Amino acid sequence: MVTFPNSKINIGLNITEKRSDGYHNLETIFYPIDLCDSLEFVKSDITRFNCTGLKIDGDQDNNLILKAYKLLQGEFDLPNLDIHLHKAIPMGAGLGGGSADAAFMLKMLNDEFKLGLSSQELEQKATKLGADCAFFINNKPTLAKGIGNIFEPTTINLSGYHIVLIKPEVHVSTAEAYGGCKPQRWATPLEEAIKQPISEWKDYIFNDFEKTVFVAHPELAEIKDMLYAKGAVYAAMSGSGSTIYGLFENAIIDNFTPKVKSRIYCLDLK
């Protein structure tokens, strides 16, 4: 069985308060995009995992795909699987690639072995793997609150727009992003700001992480400025970075040449 886990961008990311448990409450909009990995498995004599494409750093046993498999294996009588991932979504990019892989693995296992889990049950299990994993179960534009795990529907629709994503060889850890962030509540809540015309989003919708991350990594601010100079109607960092994206009304014909080495993706939005 094969599937194609897609990525997401964050539209706005407001850190509203620090919680007593050390986590932060936030509000953001997750929007799915068609930059995808490829994930497949077949029954096997032993469980194996291999990856091609972009290199995945870290211990293979900590891979979220295997964690998703083991999570359901502990509850259901699942067979051994030979699992293959072709990685195309860059890591450490704020695009949710690892979370998508885990969520799609849960959905594949549920479908292939007829486990009978509802979308709500899959979301609950996905939350155990990561805060934004649950988003990829239903995989629709979503307003997220809490620690990114409380979902509300949103009517935002970017179909017809074009997006450029630029992922430089810059690593921004989650700890770094949160470490310099001061929680605040914007005068206009995100669910209201998003109702403004997209051409006005730059005046209403912000990623709070940019304030400190751009100071530490000024090349990211330069990329954002470049996207606006090329005609983007809105540009921002996705998640805690380091991908910077720009939304364009017209088909993209310009060449994008950041000063730092980067991966560049041009996509149509649905």
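See the structure above.
Residues numbered from 1 in each chain as written. Predicted model: local features only at pLDDT ≥ 70, side-chain atom pairs only at ≥ 80, totals over all residues. Heavy atoms only, no water.

(A) Quick peek at the environment of Leu39. Of note, Leu39 is situated in strand β4 (residues 38-43). Here Leu39 falls in the buried class, since its relative accessible area comes to 0%. For Leu39 and Met105, which are 66 residues apart along the polypeptide, the C-alpha to C-alpha distance reads 7.8 Å. (Helix = DSSP H or I, 4+ residues; strand = E, 2+ residues; numbered from the N terminus. Buried < 20%, exposed > 50% of the residue type's maximum accessible area, 1.4 Å probe, protein only.)

(B) Region of interest: the environment of Ile244. Mapped onto the elements, Ile244 comes out in strand β11 (residues 244-248). With relative accessibility at 0%, the residue Ile244 sits in the buried group. Taking C-alpha positions, Ile244 is 7.0 Å from Ile223, a pair spaced 21 residues apart along the chain. Discounting chain neighbours no more than four positions away, the residues touching Ile244 are Val164, Leu165, Ile166, Phe214, Leu220, Ile223, Lys224, Leu227, Ala236 and Met237. (Contact = heavy atoms within 4.5 Å.)

(C) Focus on the sheet that holds strand β7 (residues 142-145). With antiparallel pairing, 4 strands are arranged side by side in an open sheet as β2-β3-β7-β8. Edge positions in the open sheet fall to β2 (6-18) and β8 (150-153), since each of these has one partner strand only. This sheet shows a mean twist of 25° between the axes of neighbouring strands, independent of strand direction. When strand β3 (residues 24-36) meets β7, the two strands line up antiparallel, connected through 3 bridges. The partner of Phe30 across the bridge, within β7, is Thr142. (Pairing = 2+ DSSP bridges. Axes fitted to C-alpha atoms, helices over the stretch in contact; angles between N-to-C directions.)

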